[in-house]
Amino acid sequence: MKKVRLCQLSDLADHQTKGIQVALPDGELDVIVLRLKKQIHAYLNHCPHLGVPLNWQPDVFLSLEETHFQCSTHGALFTLEEGYCIAGPCSGQSLVKLNTEIDDQGAVYLISKQ
């Protein structure tokens, strides 16, 4: 199992998102990190419909109401906890959810089984 440090839990306020570029031996991942209370949700920053990044601007991934992730290209809406598309041309598809872990010092890690 491999771990790659993403950020500190304290770097994000509740309901805040951040885009992070993660360098891996076989390429780079564009990751969305969302804090919901003491939990972290992480997804690939990749719309399943067009394959484009979701963000409007750096670190801006949420709808105006901050209830869903929203694709900046065509407005598709995705649930925060599962990344499931509930509206838009990719309805029924999902963002790719990534495994994370938070250690005792509040460091957030991306976990890979390879």
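Predicted model only: the values in this text are computed from it and were never measured. (Residues numbered from 1 in each chain as written. Predicted model: local features only at pLDDT ≥ 70, side-chain atom pairs only at ≥ 80, totals over all residues. Heavy atoms only, no water.)

Draft legend 1. Looking closely at the environment of P89. Structurally, P89 can be placed in the loop between β7 (85-87) and β8 (97-98). In this structure, the C-alpha to C-alpha distance between P89 and G75, residues 14 residues apart in sequence, is 8.9 Å. The contact partners of P89, leaving out residues within four places of it in the chain, are H49 and H74. (Helix = DSSP H or I, 4+ residues; strand = E, 2+ residues; numbered from the N terminus. Contact = heavy atoms within 4.5 Å.)

Draft legend 2. Region of the structure containing the pattern of salt bridges. Across all of its chains, the model carries one salt bridge by this definition. Two residues, K3 and E101, come together in a salt bridge whose shortest N-O distance is 2.7 Å. Here K3 is found in strand β1 (residues 2-8), whereas its partner E101 is found in strand β9 (residues 100-102), with 98 residues between them in sequence. (Salt bridge = Lys/Arg side-chain N within 4 Å of Asp/Glu carboxyl O.)

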